[in-house]
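Observations on chain architecture
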Amino acid sequence: MTYQEVLASARTCIGPYCKACPVCNGLACKNTMPGPGAKGLGTGAIRNYQKWQEICVNMDTICENKAADTSVTLFGRRFSVPFFAAPVGAVKLHYGDKYDDLEYNNILVPACAENGFAAFTGDGVDAQVFRSACAVIAASGAGIPTVKPWDRDTLMEKLDLVRDTDPVAVAMDIDAAGLPFLQGRTPPAGSKTVAELREIIDYAGRPFILKGIMTVRGAEKAAEAGAAAIVVSNHGGRVLDQCPATAEVLPAIADAVGHDMTVLVDGGIRAGMDIFKALALGADGVLIGRPFVTAVYGGGAEGVVVYAEKLRAELADAMSMCGVHSVEEITRACIWQ
């Protein structure tokens, strides 16, 4: 399959909210919830995408002529590329009846693992969602389970499953406290103090990633709580309208804590060039969410491979055209100021 064939196939089965657009820029879905959109005016996802497009890179082809190495070491493991599939939950609710979360993870996680990178898995009010995600991660040998900011007892029960699964890391999308469809549900979800996070992170016993950091102070509090990594993210623009784009806040956050912890970024990253820009601005890696859903709906495991290879090839081309040959060589000097 080609990527265009993946998109065309997805359009036959992914509705009614997601349109499997040629470019996933947040314009068509905007403020559709349920669906891939956002609350409020739905400007968050649109701004996330647009800000990556506004950044320009510095071309430099007077350099050694050799292949670009896109591999990276994160969380003590070598990955073939510096990107992950982001956690997505309730796919049947938001993207259509073709798959439920168990079926989605059973396709996505092994496909990513077999191609040298990893998927974050989602969580939900149905306990089976997280349980099944841990099972497929254990079977595939790769993957990062992501918990919602539930109440303490629920979190500890889920972290017991994580400890048995022994993943490379575990994450919490702390900003999910703002998701409308989690309000007033059982189990309850909500924001956490530094002290509460410290207890959770200590109990997890694995490198802990806090996803949903949008300020330097938030990153510092994550470090204070003992997180090994953060994801600069506004939940794909879903949880708070009138919020800056992740590309806008990433440099200051990376400068503040990047020497002490791993910094990942999520939100509006759609192409290999976007990944290159994120790495140049200080990220160690990126997460990509909605397009991987489209890839699964449009082509199953093959769709995941097609999209991942598209990203890898675009990143390698950007590296070659900007005179760098490894991820470690990508710095702020690659960005036009």
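Residues numbered from 1 in each chain as written. Predicted model: local features only at pLDDT ≥ 70, side-chain atom pairs only at ≥ 80, totals over all residues. Heavy atoms only, no water.

For the rest of this paragraph, the subject is helix H11 (residues 290-321). A rise of 1.5 Å per residue sets the reference length of H11, with its 32 residues, at 46 Å; its end C-alpha atoms lie only 28 Å apart and thus fall more than 12% short of the reference. The largest bend in H11 is about 135°, located at Gly 299. (Helix = DSSP H or I, 4+ residues; strand = E, 2+ residues; numbered from the N terminus. Expected span 1.5 Å × (residues − 1). Bend = angle between axes of the 7 residues up to and from the residue.)

What follows concerns the pattern of salt bridges. When the charged atoms of two side chains lie near each other, side chains of opposite charge can form a pair. Tallying each qualifying case throughout the model produces 15 salt bridges. Across the pair Glu 199 and Arg 152 runs a salt bridge, and its minimum N-O distance is 2.7 Å. Taken together, the positions of Glu 199 in helix H7 (residues 194-204) and Arg 152 in helix H6 (residues 152-165) put the pair 47 residues apart, joining distant regions of the chain. Overall, Glu 199 belongs to the partly exposed group, its relative accessible area being 35%. On the basis of relative accessible area, Arg 152 is assigned to the partly exposed category, the value being 46%. Among the salt bridges present, the one from Glu 314 reaches Lys 310, with a minimum N-O distance of 2.9 Å. (Salt bridge = Lys/Arg side-chain N within 4 Å of Asp/Glu carboxyl O. Buried < 20%, exposed > 50% of the residue type's maximum accessible area, 1.4 Å probe, protein only.)

Within the secondary structure, Leu 159 sits in helix H6. Dropping the residues within four chain positions of it, Leu 159 is found in contact with Val 170, Ile 200, Tyr 203 and Ala 204. (Contact = heavy atoms within 4.5 Å.)

Within a regular strand, side chains alternate between the sheet's two faces. Counting buried residues in strand E9 (residues 262-266) gives five out of five residues, a clear majority hidden from the surface. Judged by which residues are buried, E9 turns out to be covered on both faces: Thr 262, Leu 264 and Asp 266 on one side and Val 263 and Val 265 on the other are all buried. As paired elements, strand E8 (residues 229-232) and E9 share four bridges and run parallel to each other. Looking at E9, one finds that Ala 229 is bridged to Thr 262. Relative to strand E10 (residues 285-288), E9 is paired through three bridges, and the arrangement is parallel. Bridge pairing in E10 links Val 265 to Val 286. (Pairing = 2+ DSSP bridges.)

Counting 110 residues, the largest nonpolar core has Phe 84 and Phe 292 as its most contacted members. Ranked by residues supplied to this core, first place goes to H11 with 14 residues. If near-sequence neighbours (up to four positions away) are discounted, Phe 292 is found in contact with Phe 83, Phe 84, Ala 85, Tyr 104, Leu 108, Phe 117, Val 304, Tyr 307 and Leu 311. (Core = buried A, V, L, I, M, F, W, Y, C linked by side-chain atoms within 4.5 Å.)

So, about the packing of aromatic side chains. Under the criterion given, the structure shown has seven aromatic pairs. The interplanar angle of 80° and the centroid separation of 5.1 Å between the aromatic rings of Phe 292 and Tyr 307 together place this pair among those described as edge-to-face. As far as burial versus exposure is concerned, Phe 292 and Tyr 307 are alike and both buried. One aromatic cluster in this structure is built from Tyr 3, Phe 83, Phe 117, Phe 292 and Tyr 307. Across from the ring centre of Tyr 203, 4.9 Å away, lies the NZ or CZ of Arg 163, which sits over that ring. (Phe/Tyr/Trp six-rings, centres within 6.5 Å; stacked < 30°, edge-to-face > 60°. Lys NZ or Arg CZ within 6 Å of the ring centre and 35° of its normal.)

Neither face of strand E6 (residues 170-173) is open: one carries Val 170 and Met 172, the other Ala 171 and Asp 173, and all of them are buried. Where strand E5 (residues 144-147) and E6 come together, two bridges link them in parallel fashion. Looking across to E6, one finds that Val 147 is bridged to Met 172. Each parallel crossover has a hand, and the one from E5 via H6 to E6 is right-handed. With four bridges connecting them, E6 and strand E7 (residues 208-213) associate as parallel partners. Pairing of Asp 173 across the sheet is with Lys 211, part of E7. (Right-handed = clockwise from strand over helix to strand, strands pointing away.)

Contact geometry for helix H4 (residues 101-114) and H11: axes closest at 10 Å, N-to-C directions at 60°. In terms of their interaxial angle, H4 and H11 are classed as oblique. Every pair of crossing elements has a handedness; the one defined by H4 and H11 is left-handed. Facing H4, whose interface residues are Tyr 104, Ile 107, Leu 108, Ala 111 and Cys 112, H11 presents Phe 292, Val 293, Val 296, Gly 300, Ala 301 and Val 304. Class assignment of the residues belonging to the contact of H4 with H11 gives a composition of 10 nonpolar, one polar and no charged. (Axes fitted to C-alpha atoms, helices over the stretch in contact; angles between N-to-C directions. Parallel < 35°, antiparallel > 145°, perpendicular 65-115°, else oblique. Left-handed = near helix turned anticlockwise from the far one by under 90°. Nonpolar A, V, L, I, M, F, W, Y, C, P; charged D, E, K, R; others polar.)

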